[in-house]
Amino acid sequence: MIRVRFHGRGGHGMKTASRILGTAAFLEGFRVQDSPLYGAERRGAPITAFTRINDHPILERGIITIPDLVLVADETLLEDPLANPFLGLHAGSLLFINSPTSTQAMAEAVAARHPTPARILTGDLTALTLEKIGKAQALSATVGAAACKLAGVIGMGALEKATRKELEELGLPSPLIDRNLEAALLAFEQTPRVPLASAPPQPAPLQGLVVPVYQPPARGTPSVAAPGNIILRKTGGWRIFRPVIEYDKCNQCWICFVRCPEGAISLDEKEDPHIDYDHCKGCLICVEECPTKAVVKEREVHAW
Amino acid sequence: MGPQREEMLTGNMAAAWGARLARAEYVPAYPITPQTEIVETLAQWFADGTMQGKFVTMDSEHSMLTAAGAAAATGVRVFTATSSQGLLYAFEVLYTVAGWRVPLVLVNVSRALASPITLEPDHNDVLAARDAGFLQIHCETCQEVLDSILMAYKIAEDPRVLLPVIVNLDGYYLSFTREPVAIPSAEEAAAFLPPYEPHHAFFKASRPLAQGIAVLGGFIYSYFRYQEQLAARNALAVHDEVAAEFARRFGRSYGPVEAYRLEDAEYALVMSNAFATKGKAAVDLFRQRGERVGLLRLRLLRPFPHEAVQAALRGKRAVAVLDQNLSVGQGGITYQEVAAALYHEPSRPLLLSCIGGLGGKEISAGEFEEVLELMKEAAATGQVPGPQLLYTEGEQTQMAHLLDIAGKEWG
């Protein structure tokens, strides 16, 4: 069995990528499952999708906790605890990261910050997507194609048919499907073949079942009494663009501070504004509103 | 024991009196036959100042129960009432407000469900709600309706429970039927049922709470859902404490089940609600000619009183569960629950299932005779027959005649 996990943000098309891989494997004659996992859907929030490929019926359901192949569409997700792309990686598995950073540099960065037994591979699918499709977020075809190549059991013919089928079901106009196909075939060619190895089966550890007890209603009922705990939910990773304040142009008018819908801009004792990048979602209202153009947007190039 | 005057009250009036003596502060209302008299009466009492608080007419039962739950979540005592199609129209809200852990009381006046649409009672409406997280008390008399509403608030508001309660009475057979009902004084009722003081769901500007939260992640959902189960099971002991205090103050005693002439019985009927009265009359006739027959009335349906059912039916030769409901494709609903309660008994009685009284159909003395014959035959042969619909030859002849009039061919 090949277990593949896709990590992206809402809008990246990772559900479609998992379906392109799923359909392609199905066309190659395999038993397949694919499924997305998302909650309250919204652009920018982490989503995960899964594809299982096997030559026997698949006796698994739901999320993949021990993947053989993980594809990360957006490197900012590497450190997002909700996405957790490192979950369950093992020595036989491959972590593919969509990034302009070289495989070598990325491997070093990962080793320094989040060591994993998995092998690392990077590819700049965003650049290819921008060039062929014209929209950096439309990664479903290129990530799907990379997944097909790395799965190692899918030919270009199946990829082409699967991509067309999945994009037609989304109602994309024919010229756009053609551009996606071109990008997908290029991504397939560019992506190297890397052998995968499934993790050896491990006996399930005993989990220790609890006997639930009734708890006093002030504790055991579904309400939230703590005020203001949204601070715990860091949403800075949602940004595609980062607002940056150029203080030499700032006239301390407070407009960015007042208009920020997240309260992510504060004033210091000198009345200079400061952006809380842990919580700024990158809506860029401050950039739009700043009368002196002191807040500029920069492409979010991430810590990796 | 305080002064209690008796008056002739319908079941609906008894329900309204229950809400009045409980000092319900908020009543969202939507009328439906055969419940309407309850909310009409309460509307009058709020309008003339007899009751203090807010009476609001709603646009549907769905809105009505949503408003009831939301109001209860602010910490006020809430009463509402519906029936049949109305209960089902509010169905998703039953689960929702139970999950909020708000102790409101909902009176359901049982009426059989469409189709064909009808007005007379059976219990498919209230039993459809049996998994929702509401506790359920099913009443046999108008007195029991009033008393059960007062008890229901005291059980629901106990910090060991905090679940809403449905108090059920049969349409027509109780709702429109007058009989003498002892009405406790307002002072006695207030002494029994003090004001509701929530510590978990309230509206205080100084202590904001996010209620009605959404969760993702099965382990979070499981935790809260199972707290409902534990709360409902706690309600067994809380019910008995409340019933003991009620008996002390008012002289009327209620168990989770009622055993009628069951002690030395060889055969037992299991019934609920108003038709249990007919079952008791049948038991009296059997007893007059020396037959050892008794009746077990199911009163507290949620939480289901497994131990009380086991104890009451222990040692019987055969038991017939008369379900005034039908789980289509399965059979009688309470039959399944009684069977589950008896499964681990070392010497359990033979257990027969009868379906009777659907859509308010009469269960005649002659039909009770047949049920006893079925039990005796099962005891003699050890063979338990499949479910038996209580439907007489005379009724079948009448039905054939009606089908002829309707221009239908009788196969």
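Residues numbered from 1 in each chain as written. Chains lettered and ligands numbered in written order. Predicted model: local features only at pLDDT ≥ 70, side-chain atom pairs only at ≥ 80, totals over all residues. Heavy atoms only, no water.

So, the overall build of chain A
Here's step 1: Looking only at helices and strands, one finds nine helices and ten strands in chain A.
Here's step 2: Per-residue burial over chain A gives 44% buried out of 304 residues.
Here's step 3: Of the side-chain charges in chain A, 32 are positive and 33 negative, and the distance between the mean point of each set is 5 Å. (Helix = DSSP H or I, 4+ residues; strand = E, 2+ residues; numbered from the N terminus. Buried < 20%, exposed > 50% of the residue type's maximum accessible area, 1.4 Å probe, protein only. Lys, Arg positive; Asp, Glu negative; His and termini not counted. Charge placed at Lys NZ, Arg CZ, Asp CG, Glu CD.)

Observations regarding the overall build of chain B
Here's step 1: From N to C terminus, chain B includes 14 helices and 15 strands.
Here's step 2: Here chain B has a C-alpha radius of gyration of 22 Å; the compact-globule value for 411 residues is 22 Å, and the two agree.
Here's step 3: In terms of its C-alpha atoms, chain B occupies a principal-axis envelope of roughly 70 × 55 × 55 Å.
Here's step 4: When burial is assessed residue by residue, chain B has 54% of its 411 residues classed as buried.
Here's step 5: Summed over its atoms, the accessible surface of chain B is roughly 17,300 Å², and 54% of this surface lies on carbon and sulfur atoms.
Here's step 6: Seen as two clouds, the 34 positive and the 47 negative side-chain charges of chain B have centres 6 Å apart. (Rg over C-alpha atoms; globule rule 2.2 N^0.38 Å. Areas by Shrake-Rupley, 256 points an atom, 1.4 Å probe, with all protein chains shown as cover.)

Some points on the interface of chain A and chain B
Much of the literature gives interface size as the accessible area that the parts lose upon coming together.
Here's step 1: Every contact between the two is made by 15 residues of chain A and, on the other side, 22 residues of chain B.
Here's step 2: Of the roughly 1,500 Å² buried where chain A meets chain B, counting both sides, 62% is carbon and sulfur surface.
Here's step 3: Of all residues in chain A, Tyr214(A), Pro222(A) and Val224(A) give up the largest surface area on contact with chain B, accounting jointly for 42% of the area buried on that side.
Here's step 4: One can count zero salt bridges joining chain A with chain B.
Here's step 5: The residue inventory of the side of chain A that touches chain B, partitioned by class, reads nine nonpolar, five polar and one charged. (Contact = heavy atoms within 4.5 Å. Buried area = accessible area lost by both parts, 1.4 Å probe. Salt bridge = Lys/Arg side-chain N within 4 Å of Asp/Glu carboxyl O. Nonpolar A, V, L, I, M, F, W, Y, C, P; charged D, E, K, R; others polar.)

Some words on the pattern of salt bridges
Pairing between side chains of opposite charge can happen when their charged atoms approach one another.
Residues and elements named next belong to chain B.
Here's step 1: Across all of its chains, the model carries 37 salt bridges over all chains by this definition.
Here's step 2: For Asp147, the salt bridge identified is with Arg252, shortest N-O distance 2.5 Å. Remark: Arg252 occurs in the loop between helix H9 (218–250) and strand S9 (257–260) and Asp147 occurs in helix H7 (residues 142–156); sequence separation between them is 105 residues. Arg252 carries the same exposure label as Asp147, and that label is buried.
Here's step 3: The salt bridge involving Arg249 is made with Glu245; its shortest N-O contact spans 2.8 Å.

Some remarks on the pairing of strand S1 (residues 2–9) of chain A
Residue and element names in this part refer to chain A.
Here's step 1: With respect to burial, S1 is a largely interior element, eight of its eight residues being buried.
Here's step 2: Across the two faces of S1 the burial is the same, with Ile2, Val4, Phe6 and Gly8 and Arg3, Arg5, His7 and Arg9 all buried.
Here's step 3: Of the strand pairs in this sheet, S1 and strand S3 (residues 46–54) are connected by eight bridges, and their pairing is antiparallel. Across the sheet, the residue bridging to Arg5 is Phe50, located in S3.
Here's step 4: Of the pairings in the sheet, the one linking S1 to strand S4 (residues 69–72) comprises four bridges and is parallel in character. Bridge pairing in S4 places Arg5 opposite Val70. (Pairing = 2+ DSSP bridges.)

Some points on the sheet that holds strand S11 (residues 293–298) of chain B
Residues and elements named next belong to chain B.
Here's step 1: In spatial order, the strands read S9-S11-S10-S13-S14-S15; together these six strands make up an open sheet with mixed pairing. Bordering the open sheet on either side are S9 and strand S15 (388–389), each of which pairs with just one other strand.
Here's step 2: Across the sheet, helix H11 (residues 306–313) lies against S9, strand S10 (267–272), S11 and strand S13 (318–323), angled at about 175° from S11, the strand it touches most. (Axes fitted to C-alpha atoms, helices over the stretch in contact; angles between N-to-C directions.)

Examining the domain arrangement of chain A
All names here are of chain A.
Here's step 1: Each assigned domain of chain A is listed with its residue range as follows: domain 1 (2–190) and domain 2 (233–299).
Here's step 2: Here the C-alpha centroids of domain 1 and domain 2 sit 33 Å apart.
Here's step 3: Listed per partner, the contact involves nine residues of domain 1 and four residues of domain 2.
Here's step 4: When the two sides are added together, the surface that domain 1 and domain 2 hide from each other amounts to roughly 540 Å², 54% of it contributed by carbon and sulfur.
Here's step 5: At the junction of domain 1 with domain 2, the criterion picks out zero salt bridges.
Here's step 6: On inspection of domain 1 and its partner domain 2, the count reaches zero residue pairs in polar contact (both at pLDDT 80 or more).
Here's step 7: For the side of domain 1 that touches domain 2, the residue count by class is three nonpolar, three polar and three charged. (Domains from an automatic or database assignment. Polar contact = N/O pair within 3.5 Å; in protein donor to acceptor, adjacent residues only side chain to side chain.)

Examining unusual backbone geometry
Residues and elements named next belong to chain B.
Here's step 1: Residue Pro34 is bonded to the preceding Thr33 through a cis peptide linkage, with omega at 5°.
Here's step 2: Tracing the sequence through the fold places Pro34 in the loop between strand S2 (26–29) and helix H2 (36–47).
Here's step 3: Phi angles above zero are rare outside glycine, and Tyr172 is one such case at about 65°.
Here's step 4: Inspection of the secondary structure puts Tyr172 in the loop between strand S7 (165–170) and strand S8 (179–184).

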